Amino acid sequence: MFDLDFILDRYNYWIVILLMMTGLYIVISRGNLVKKIVGLNIFQTSVFIYYISISKVAGGTAPILIGDYGGGHHDEPHAAEGSVAGETLHAAPAGAPPGEANDLAEALRATPPSGESGVAGLHDAPANPPIVEPSAAAPGFETAPGDAAHGADALLHQAAEIVYSNPLPHVLILTAIVVGVATTAVGLALAVRIREAYGTVEEDELEAADNVAEFGDRAEEAAA
Amino acid sequence: MNALLAQLPVLPVVIPFVAAPLALLTPKGRPTWAFATFVSWLTFIASAALLAHVSSNGAVSYALGDWAPPLGIEYRIDLANGIVLALVSGIAALVFPFAYESVRAEVDEKQTPFFYCALLICMTGLLGVTITGDAFNVFVFLEISSLSTYALVAMGARRDRRALTAAFNYLVMGTIGATLFVIGIGLLYHAVGTLNMADIHVKLAGMDDNRVVQAGFAFIMVGVALKLAMFPMHLWLPNAYAYAPSAVSAFIAATATKVAVYVLVRFFYTVFGYDFDFLANALTYVLLPLGVIGMFAASLVAVFQEDVKRMLAYSSVGQIGYILLGLSLGTEAGVSAALVHVVNHGLMKGALFMAAACVVLRLADSRCRAFHGLARRMPVTTWAFILSGLSLIGVPGTVGFVSKWILLQATFEAGHAWAAFLVVASSLIAVVYIGRIVELMVLREPPSEGPLAKPIREAPLSMLVPMWLLVAANLYFGLRTDFTAGLAVRAAEALMLASGAR
């Protein structure tokens, strides 16, 4: 009925939700424009954390090439092996990939998106379980909450016996961070300009000043 | 030449994007403007060529950086976004020449390079949102266009300092919308592990009851609804449109919300697809009522506005209601009605805001009192306003009539005769608010004293020509319906077919 483990296992989502609501509350409730921008930042940060936490593969390390990759002549067979190994690990439920899937795109596309991976991972497995020592590569992979991209990414490097986290959300969120910084910059610049034009950055006072301007115009019209 | 043609799909984004920083380097004033105008025309040529190509040869896919989709970012152009591309770049090609005099009067000369740079970036963003086939890419381009729009709106501060607060509010609302959108994309990615729209659609099959997908859908819908100013999330729009520099108002009123509508259509039908049960509920219980309420509420508020630009802005919110109504029917006819009105509303609102910009140029005022007796002082502008106003109302012979006719047909076909009645009833409100201004312009005497009494000339030719080209488009496409309506119907057919409606 009330499953405490179910809730605690998903602590990363609770962090995200808490931050998101805090940020949104600040944006709505604070009258100071700078505080609004800060609230907006917290709101955006929650999304960054969400993206980063879903990209985490249990026991996975940062997506940086480690170990002997000299020459690069191993790469092709590795990919092929990886996809085959991945199949057996995932016990591919449907749409098993062609055996000769030796190119990256093919391997990624063929990885089953649904079934045991994907959303099932979200519900049945803790999305961010305690980190397992990355030494045991294959078991670590099995506990991964991988969606298709996780799985594919991890199985690509399976042959190298290293588990990587999914780098794609990291890249996406780097872009989103840049957008967030730009938004903050524009917002603060606007706050500076508002302060120059009105002499205040408090929303109530701004509204009052605008109302005076409006009524001033009305008075002028009546006189004319 | 062939090499260039192969790269055609990416040109509408690359040309203005590369040109925008270059515009900063040009000497301020006329050279910047000439350069930006030239760029906008080039972009329009590329978009028109693309639309012609798609119209005769079917959808085009372009793999950015030669990374094959679904891994790489795909630009995918079919009829639906081909039409929107042509609309955005076409409006831009008219607004840029139009902007020169208006910007000279309303923006500091020092700022003109920044102004044209921001306008080019805004255009890039809107075109990018339209052209891309990658869900996350939509977010990036949406923010590119939004960020530049915030800056552009704030540049209206020289005329009225309220532009600053309007821009700030727009920034807060727009960022919340974009962030909700990106949460939705994240949830979708969590569920299916891909970002390519077509690929998401394939992998979503059979995941109708998945709560993550449903939450993602809701986040995306609310996020985009904020961007397209769906009633009751429109509060940022009236001030932003009213206090922005007039040329900017003309551009964003005709394009920005339309592109957001397109994003909604794209996500509804290409990403989630017709057989996604949740979509039907969202259409019937959210979009339909909000669209209908928006039609009335925003139009009624428009009637009581003192400022003509603000009135037109509220009218935009009302017109979005028609588009959403068409969309919410969930039928092929409904979607094509929405697409037709996206284009037609861009044409009429662009022309109306341009007429308002002419008045602001000569009288430095956009309130009703500036419009008194305008027919005698600026007859050419007045008639442009009246004709595009008639188009907004939906008088036969104009594009507004075509939109409403197709929308009425769609509502009858879907069995919502009451909605058809409401469409006609809310059009009568448009008669009131447009008629009110027309009465001021034609029947009233020009003010005899006060700051507005000065003798004024007609607007310069560089503004009249683009404005009348838009008015002419309003009339031409009102009579030759096969082009807009025909294309939109084909686009809707293709969308619905791909989404599995039949």
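Given the structure is predicted, the values throughout are model-derived calculations rather than measurements.

## A look at the overall build of chain A
In terms of regular secondary structure, chain A is built from 10 helices and 0 strands. For chain A, the succession of helices and strands along the chain, N to C, is α-α-α-α-α-α-α-α-α-α. Pairs at least 24 apart in sequence give 68% of the contacts found in chain A among residues at least 6 apart. Just so you have it, chain A exposes about 11600 Å², and 65% of that area is on carbon and sulfur atoms.

## Observations regarding the overall build of chain B
Scanning chain B for helices and strands turns up 20 helices and 2 strands. Out of the 502 residues belonging to chain B, those deemed buried represent 68%. Here chain B displays about 16100 Å² of accessible surface, and carbon together with sulfur accounts for 67% of that area.

## Examining helix α11 (residues 246–272) of chain B
Residues and elements named next belong to chain B. Compared with the 39 Å implied by 1.5 Å per residue over 27 residues, the 38 Å span of α11 between its first and last C-alpha is a close match. Of all the bends in α11, the largest measures some 40 degrees and sits at isoleucine 252. Among the 27 residues in α11, 27 count as buried, and that is most of the element. Within two residues after α11, glycine 273 carries a phi angle of roughly 85 degrees, on the positive side.

## A short note on the side chain of glutamine 214 of chain B
Residues and elements named next belong to chain B. Mapping glutamine 214 onto the fold places it in helix α9 (residues 211–227). Look at glutamine 214 and you get buried, because its relative accessible area is 18%. If sequence neighbours within four positions are ignored, glutamine 214 has contacts with Asp208, Asp209, Phe276 and Phe278.

## Looking at a nonpolar patch on the surface
All names here are of chain B. Together, Val14, Val18, Leu22, Leu24, Leu25 and Phe114 make up a nonpolar patch on the protein surface, roughly 550 Å² of accessible area in all. Element by element, the count of residues in the nonpolar patch is highest for helix α2 (residues 11–25), at 5 residues. In this fold, leucine 24 is placed in helix α2.

## Describing the pattern of salt bridges
Residues and elements named next belong to chain B. Enumeration over the complete set of coordinates arrives at 15 salt bridges over all chains. Residue glutamate 74 pairs with arginine 76 through a salt bridge whose shortest N-O separation is 3.6 Å. A relative accessible area of 6% places glutamate 74 in the buried class. Among the residues examined, arginine 76 registers a relative accessible area of 36% and is labelled partly exposed. A single network of salt bridges, built from pairs that share partners, joins Asp365, Arg367 and Arg369.

## As for the packing of aromatic side chains
One pass over the full model with this rule turns up 18 aromatic pairs over all chains. Here tyrosine 51 of chain A and phenylalanine 136 of chain B contribute two aromatic rings whose centre-to-centre distance is 6.2 Å and whose plane-to-plane angle is 65 degrees, an arrangement assigned as edge-to-face. With tyrosine 51 of chain A in helix α3 (residues 33–55) and phenylalanine 136 of chain B in helix α6 (residues 135–154), this pair bridges two chains. Taking relative accessible area as the criterion, tyrosine 51 of chain A reaches 0% and is therefore assigned buried. On the accessibility criterion, phenylalanine 136 of chain B (4% relative accessible area) is buried. A network of ring pairs unites the aromatic residues Tyr13, Tyr50 and Tyr51 of chain A together with Phe136 and Phe139 of chain B as a single cluster. For arginine 10 of chain A, the ring lying beneath its charged end belongs to phenylalanine 6 of chain A, and the centroid distance is 3.9 Å.

## Regarding the confidence of the model for chain B
Mean pLDDT over chain B stands at 90; residues scoring 70 or higher make up 99%. As scored by the predictor, the complex reaches a pTM of 0.84 and an ipTM of 0.89.

## Some thoughts on helix α16 (residues 379–393) of chain B
Residues and elements named next belong to chain B. A rise of 1.5 Å per residue sets the reference length of α16, with its 15 residues, at 21 Å; its end C-alpha atoms lie 21 Å apart and thus fit the reference within 8%. Within α16, the full set of buried residues consists of Thr381, Thr382, Ala384, Phe385, Ile386, Ser388, Gly389, Ser391, Leu392 and Ile393. Buried residues along α16 sit in contact with α13 (308–328), α14 (332–363), α15 (374–377), α17 (399–413), α18 (417–443) and α19 (461–479). The first or second residue beyond α16 is glycine 394, which carries a positive phi of 105 degrees.

## Quick notes on the pairing of strand β1 (residues 60–63) of chain B
Residues and elements named next belong to chain B. Of the two faces of β1, the one holding Val60 and Tyr62 is buried and the one holding Ser61 and Ala63 is not buried anywhere. Pairing of β1 with strand β2 (residues 74–77) involves 4 bridges; the strand directions are antiparallel. Bridge assignment links valine 60 to a residue of β2, and that residue is isoleucine 77.

Reading guide: rules and limits
- Residues numbered from 1 in each chain as written.
- Chains lettered and ligands numbered in written order.
- Predicted model: local features only at pLDDT ≥ 70, side-chain atom pairs only at ≥ 80, totals over all residues.
- Heavy atoms only, no water.
- Helix = DSSP H or I, 4+ residues; strand = E, 2+ residues; numbered from the N terminus.
- Contact = heavy atoms within 4.5 Å.
- Areas by Shrake-Rupley, 256 points an atom, 1.4 Å probe, with all protein chains shown as cover.
- Buried < 20%, exposed > 50% of the residue type's maximum accessible area, 1.4 Å probe, protein only.
- Expected span 1.5 Å × (residues − 1).
- Bend = angle between axes of the 7 residues up to and from the residue.
- Patch = residues over 30% accessible without salt bridge, like charges linked within 9 Å, V, L, I, M, F, W, Y side chains within 5 Å.
- Salt bridge = Lys/Arg side-chain N within 4 Å of Asp/Glu carboxyl O.
- Phe/Tyr/Trp six-rings, centres within 6.5 Å; stacked < 30°, edge-to-face > 60°.
- Lys NZ or Arg CZ within 6 Å of the ring centre and 35° of its normal.
- pLDDT = per-residue confidence, 0-100.
- Pairing = 2+ DSSP bridges.

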